[in-house]
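Commentary on secondary and tertiary structure
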Amino acid sequence: MASDYYDSKLLETARRLLEVTSITEAEAEAEQLPRLPSGFYDAFVLGGILVVQALQPGTLLCHFTVPSRLLNSGGFLHGGATASLVDLVASAAFATAGLRTRGSPLEMNISYLDAAFADEEIDIEAKVLRAGKVVGVAVVELKKESGKIIAQARYSKYLGVAYSKL
C-alpha cells in the first residue's frame with residue numbers, strides 16, 4: 001500500500017513537470033516541486049505530452065503525439081525537438097528519483113535511427129543510470145508504437161549543488 005502511494009507521488013511529480021507547463025515559480029515552491037526551466041519553448045515542445053508511468057524511482061514512460069509544429073522541412077520530427085524532448089523527459093526522470101533538476105545538461109549523445117511523422121504516436125522512456133551528488137546520467141529512448149526505435153540518447157546533467165544553511 002505504501003508502494004502505491006509512492007508510485008502515485010512519483011507519477012504526479014512527473015506530470016506536474018511535463019504536462020502542466022504554466023506552473024509559476026511560486027506554485028512550484030509552495031508545492032516543493034523541483035522546477036524545470038520554463039518559458040515559451042518548453043511549452044512549445046511539450047504541448048501534448050502525457051506521462052504514462054513512473055515505473056520506479058528514476059524511470060519514466062511518456063506518450064507523445066508528434067505535432068506538425070515540431071517537423072523539419074523533410075516533414076518528420078526535427079532533431080532539435082528530439083533533443084529537447086530528451087532533455088526535458090530525462091530531467092523529469094531525475095525528479096522522480098528525488099533529485100534536483102535545476103542544473104544544466106553536460107553532455108547529450110543522440111543516435112537518430114528512424115523518422116517520426118506528424119500525428120504519429122510515440123513513447124519516450126527515460127531511465128536514470130546513475131546519480132551522484134552533483135552529476136546524473138540517464139538514457140532516453142523514443143519508440144514508435146510498433147517498437148521501432150526513433151532515437152536513443154545518453155544524457156548527463158549537472159544536478160546543482162544543494163547548499164546548506166550556515
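Whatever comes next refers back to the structure up there.
Let me sum up the structure you'll find in this document. Because the structure is a prediction, the values reported are computed rather than measured.

Basis of the calculations
- Residues numbered from 1 in each chain as written.
- Predicted model: local features only at pLDDT ≥ 70, side-chain atom pairs only at ≥ 80, totals over all residues.
- Heavy atoms only, no water.
- Helix = DSSP H or I, 4+ residues; strand = E, 2+ residues; numbered from the N terminus.
- Buried < 20%, exposed > 50% of the residue type's maximum accessible area, 1.4 Å probe, protein only.
- Contact = heavy atoms within 4.5 Å.
- Areas by Shrake-Rupley, 256 points an atom, 1.4 Å probe, with all protein chains shown as cover.
- Expected span 1.5 Å × (residues − 1).
- Salt bridge = Lys/Arg side-chain N within 4 Å of Asp/Glu carboxyl O.
- Lys, Arg positive; Asp, Glu negative; His and termini not counted.
- Pairing = 2+ DSSP bridges.
- Axes fitted to C-alpha atoms, helices over the stretch in contact; angles between N-to-C directions.
- Patch = residues over 30% accessible without salt bridge, like charges linked within 9 Å, V, L, I, M, F, W, Y side chains within 5 Å.

Within the chain, the regular secondary structure consists of four helices and six strands. Ordering the α and β elements of the chain from the N terminus gives α-α-α-β-β-α-β-β-β-β. Counting the 166 residues in the chain, one finds 40% classified as buried. A separation threshold of at least 6 residues defines the contact pool for the chain, and within that pool the share at least 24 residues apart is 65%. Carbon and sulfur atoms make up 53% of the accessible area of the chain, which amounts to about 9,000 Å² in all.

Positive phi, close to 70°, is recorded for Asp119, a residue that is not glycine. With respect to the helices and strands, Asp119 occurs in the loop between strand E3 (105–112) and strand E4 (121–131). Residue class for Asp119 comes out exposed when judged on its relative accessible area of 61%.

Take Leu70: it is sitting in the loop between strand E2 (59–65) and helix H4 (79–96). For Leu70, a relative accessible area of 4% translates into the label buried. Separated by 47 residues in sequence, Leu70 and Phe117 have C-alpha atoms that sit 9.5 Å apart.

As a further point, take H4. If you check H4, its first and last C-alpha atoms are 26 Å apart, about what 18 residues at 1.5 Å a residue would give, namely 26 Å. Where burial is concerned, most of H4 is hidden: 16 out of the 18 residues are buried. Where H4 terminates, the next one or two residues include Gly98, which has phi positive at roughly 80°.

As a further point, take the pattern of salt bridges. Side-chain pairs of opposite charge can arise whenever the charged atoms involved come near each other. Scanning the model with the defined rule gives four salt bridges in all. A salt bridge links Asp114 to Lys148; its shortest N-O distance comes to 3.5 Å. With a gap of 34 residues between them, Asp114 in the loop between E3 and E4 and Lys148 in the loop between strand E5 (135–144) and strand E6 (149–158) connect regions that are remote in the sequence. Taking the shortest distance from any N to any O, the salt bridge between Glu141 and Lys143 comes out at 3.4 Å. Several salt bridges share partner residues, and in doing so they unite Asp114, Glu120, Lys144 and Lys148 into one network.

Before going further, it helps to examine the side chain of Lys157. Mapping Lys157 onto the fold places it in strand E6. Buried charge without a salt bridge: Lys157, with Asp87 as the nearest opposite-charge side chain at an N-O distance of 4.4 Å.

What follows is about the sheet that holds E3. Strand pairing in a sheet relies on backbone hydrogen bonds, with the paired strands running either antiparallel or parallel. Taken in spatial order, the six strands make up an open sheet running E1-E2-E4-E5-E6-E3, and their pairing is antiparallel. Whereas interior strands pair on both sides, the edge strands pair on one side only; in this sheet they are strand E1 (50–56) and E3. The average undirected angle you get between the axes of adjacent strands in this sheet is 15°. Of the pairings in the sheet, the one linking E4 to E5 comprises nine bridges and is antiparallel in character. Bridge pairing in E5 links Arg130 to Val137. The strands touched by H4 are E1, E2, E3, E4, E5 and E6; relative to E6, the strand with the most contacts, the crossing angle is about 55°.

Glancing now at a nonpolar patch on the surface. On the surface, a cluster of nonpolar side chains totalling about 300 Å² of accessible area is made up of Leu106, Val134, Val135 and Tyr158. For Val134, the position within the fold is in the loop between E4 and E5. For Val134, a relative accessible area of 31% translates into the label partly exposed.

Keep in mind these values describe shape, not function.
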